[in-house]
Amino acid sequence: SSRVLWTLAVTQFILYETNILGTKGPRKMSVLLPRVDDDGNRHSYRPLNESESMVERYRTNDTENMFVLKNKQPVWNEQLRAYVLNFNGRVTQASVKNFQLVDPEQPNFVYLQFGKVDENLFNLDFCGPLSILQAFGIALSAFDNKLACE
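Residues numbered from 1 in each chain as written. Predicted model: local features only at pLDDT ≥ 70, side-chain atom pairs only at ≥ 80, totals over all residues. Heavy atoms only, no water.

**Student:** Can you explain the overall build of the protein chain? Please cite residues and give values.
**Tutor:** Scanning the protein chain for helices and strands turns up three helices and nine strands. Reading the protein chain from its N end, one meets helices and strands in the order β-β-β-α-β-β-β-β-β-β-α-α. Looking at the protein chain as a whole, 36% of its 150 residues qualify as buried. On the protein chain, roughly 9100 Å² of surface is accessible, and the fraction owed to carbon and sulfur atoms is 50%. (Helix = DSSP H or I, 4+ residues; strand = E, 2+ residues; numbered from the N terminus. Buried < 20%, exposed > 50% of the residue type's maximum accessible area, 1.4 Å probe, protein only. Areas by Shrake-Rupley, 256 points an atom, 1.4 Å probe, with all protein chains shown as cover.)

Structure below.
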């Protein structure tokens, strides 16, 4: 089961999937964005009913004109006894809030990474086609423990 967490005026949806380990394991996140064409124009979604919404289209695998990002799944490090991702030095503290977003078709290119560097201090790195508002909204969603970790 998944929940729609956030919708921004620039049309963005963040879906967190229920983790079988609850709050103990890594999160599973999908971010749905309108695709941007070569001229820099975002596709406009104007659903006439719920079945035409971005979320419902995604759930039926209709992702035409949609840019879908998923969090890169961390790997278990037996030595550290923790899940880990390589943040290339930009994240220095372990946190359930740390994540990277990738296109499933290109899993080695990180479009957004967010992670803890000190108590109450986090780094946010992102690139296009994400806007600063979209990147910030996605990062803020990591702080909603109730929805993100249920």
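Still more ground to cover, so stick around.
**Student:** Could you give an account of the packing of aromatic side chains, with specific residues and numbers?
**Tutor:** Summed over all chains, the structure comprises six aromatic pairs. Between the aromatic rings of Phe99 and Phe114, the centroid separation amounts to 5.8 Å while the plane-to-plane angle is 45°, which identifies the pairing as tilted. In this pair, Phe99 is assigned in strand β7 (residues 99-103) and Phe114 in strand β8 (residues 106-118), connecting sequence segments 15 residues apart. Residues Phe99 and Phe114 agree in their burial class; the two are buried. A centroid spacing of 5.2 Å and a plane angle of 5° characterise the contact between Phe114 and Phe122, whose relative ring orientation is stacked. Here Phe114 falls in the buried class, since its relative accessible area comes to 5%. (Phe/Tyr/Trp six-rings, centres within 6.5 Å; stacked < 30°, edge-to-face > 60°.)

**Student:** Got a sec to walk through the environment of Met54? Specific residues and values, please.
**Tutor:** Mapped onto the elements of the fold, Met54 is located in helix α1 (residues 54-59). C-alpha of Met54 to C-alpha of Pro34: the two residues are 20 residues apart in sequence and 8.5 Å apart in space.

**Student:** Describe the side chain of Arg57, naming the residues involved and giving the relevant values.
**Tutor:** Secondary-structure assignment places Arg57 in helix α1. When neighbours within four sequence positions are excluded, Arg57 is seen to be in contact with Tyr45, Ser51, Glu52, Asp62, Glu64 and Met66. (Contact = heavy atoms within 4.5 Å.)

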